Amino acid sequence: MHTTAPHSPLNITRLLLCGAMVVTLSMGIRHGFGLWLQPMCMERGWSRETYSLAMAVQNLVWGAAGPLVGWWADRQGATRPLLLGALLYPLGLVGMSLATEPWALMFSAGILIGAAQSCSTYAVIYGAIGRHVSLERRSWAMGVTASAGSFGQFLMVPLASTLIAQMGWQQALWVLALSALLIGPLGWQLLADRPQPHAPKAPSVAGAARGEPTTAGQALKEALTHPSYLLLTAGYFVCGFQLAFIGVHLPSYLKDQQLPATVATTALALIGLFNIFGSYSVGWLGQRWSKAYVLAGIYGLRALVMLAFISVPPSALSVGLFACAMGFLWLSTVPPTNGIVAQMLGVRFLSMLGALVFLSHQLGSFAGVWMAGRLYDATGSYQVVWWIAIGLSVLAAALNLPIKEHLQPRSRQMAMP
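Residues numbered from 1 in each chain as written. Predicted model: local features only at pLDDT ≥ 70, side-chain atom pairs only at ≥ 80, totals over all residues. Heavy atoms only, no water.

Once that is clear, we can look at the nonpolar core. Among the nonpolar cores identified, the biggest contains 130 residues, and W36, Y51, L93, M96, I246 and W386 are the most heavily contacted of them. If one sorts the elements of this core by residue count, helix α12 (residues 227–256) sits on top with 14 residues. If we skip the residues at most four places from it in the chain, W36 touches Y51, M96, A160, I164, W169, A172, L173 and L176. (Core = buried A, V, L, I, M, F, W, Y, C linked by side-chain atoms within 4.5 Å. Buried < 20%, exposed > 50% of the residue type's maximum accessible area, 1.4 Å probe, protein only. Helix = DSSP H or I, 4+ residues; strand = E, 2+ residues; numbered from the N terminus. Contact = heavy atoms within 4.5 Å.)

As structure tokens, this is what we get:
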């Protein structure tokens, strides 16, 4: 098997450094949105479902725009999508701060920020990594980038909490809008990420030897008829459900349990801190163990961690232990998931195909964040949602076990000499 990157005009150190900083900003801002739920709802007179629906739309737009943005990045490189993200993110944050009606919140926090995230997170950055990092180091490189997203959460969530406490929730959003502008110059540093312009018409010898798709249409057709790709996509729905529910609703859940606000802030920060180690460790493990088995193990462990958390009386200690354990498993699904896509279908259309899997993740995010708000307003409790998240985790573990990450689709096997 050919194990070098297709072409490497972009310095790997610059790619990882700039990519990590982009994800730190984009994901770091996103992970703090749960801190705005109660202050915005109280001041605007909204229900939790109103805010939850806007966050759900954000996740849905992020996922739905992902394959198109990924196709764009696969054709023209990472810089242009990142520049668009650097424009949309600040506009969405400022619009969110000025929203006085639910539709305005839906447009700013939902549509604008969701589109910005599709342009400035993993699909775009991982596509560049796939084009410039060899197979032997690819899982590790993706783990480094996922760890950066976790560091962003560890860094930005306490910062956001401090800004809200000292400046107010509106001014805090303005500060974050200014920080999101930095995605632009960071994206400009990746200008050398230029996919080969004639690659679809004249695929490389190595790509042909592996039978990689040579057009976007062929890549989509093979992905959607690949049983393991479909299992991977279905399992990723569960990851989105769990992360969106916990990320947005954990602060309110803990406040309902009469715990101080600092406990929630600390918990979100600990999730980010421990996922630095989790994402890096899983990226390293993905080079040595079956990525499908690693994913099954992550989902199984999540079920056990959530079950233990809701089985004991909530306290600062139990929340801290939950945050550390869940943090280790938080974004650790990202490197093996994208690594499996690259192994099954090649790296030529990795941004697009990875974003298509991520669409399932975001459908899960929509369901998790909206359903939690809906069920809370209906029952006055999050308990049912916790049990749904646990059951889905067991299902995801079962879906990932039969995945054959090295298996080529039948059509490609027949075409190979």
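The structure having been displayed, the exposition proceeds.
The next thing to look at is the side chain of S393. Counting through the fold element by element, S393 comes out in helix α18 (residues 383–400). Assessed through its relative accessible area of 0%, S393 is described here as buried. Once residues lying within four places of it in the same chain are set aside, the contact partners of S393 are V238, Q242, Y299, R302, A303 and M306.

At a minimum axis distance of 11 Å, the contact between α12 and helix α16 (residues 334–345) shows a crossing angle of 160°. Between α12 and α16, the crossing angle belongs to the class labelled roughly antiparallel. For the pair α12 and α16, the crossing hand works out as left-handed. Residues S228, Y229, L232 and Y236 of α12 form the contact with α16, whose own contacting residues are V334, T337, I340, V341, M344 and L345. (Axes fitted to C-alpha atoms, helices over the stretch in contact; angles between N-to-C directions. Parallel < 35°, antiparallel > 145°, perpendicular 65-115°, else oblique. Left-handed = near helix turned anticlockwise from the far one by under 90°.)

All right, on to empty space enclosed by the protein then. Counted according to the given criterion, the structure contains four cavities of 30 Å³ or more. Estimated volume of the largest cavity: approximately 120 Å³. What lines the largest cavity is a set of 14 residues, and nearest its centre among them are R30, H31, A244, G247 and V248. The leading source of residues in the lining of the largest cavity is α12, at four residues. Taken together, the residues that form the lining of the largest cavity break down as seven nonpolar, six polar and one charged. (1 Å grid on protein atoms, 1.4 Å probe; cavity = no way out; pocket = protein on both sides within 12 Å on 5 of 7 lines; lining within 4 Å. Points joined across faces, edges and corners; volume = space filled by probe spheres on them. Nonpolar A, V, L, I, M, F, W, Y, C, P; charged D, E, K, R; others polar.)

It is worth spelling out the side chain of N59 at this point. Counting through the fold element by element, N59 comes out in helix α3 (residues 48–76). The class for N59 is buried, based on a relative accessible area of 3%. Of note is the side chain of N59, whose polar atom sits 2.8 Å from the backbone oxygen of M55. Polar side-chain contacts of N59 include one of 3.0 Å to the side chain of Q362. (Polar contact = N/O pair within 3.5 Å; in protein donor to acceptor, adjacent residues only side chain to side chain.)

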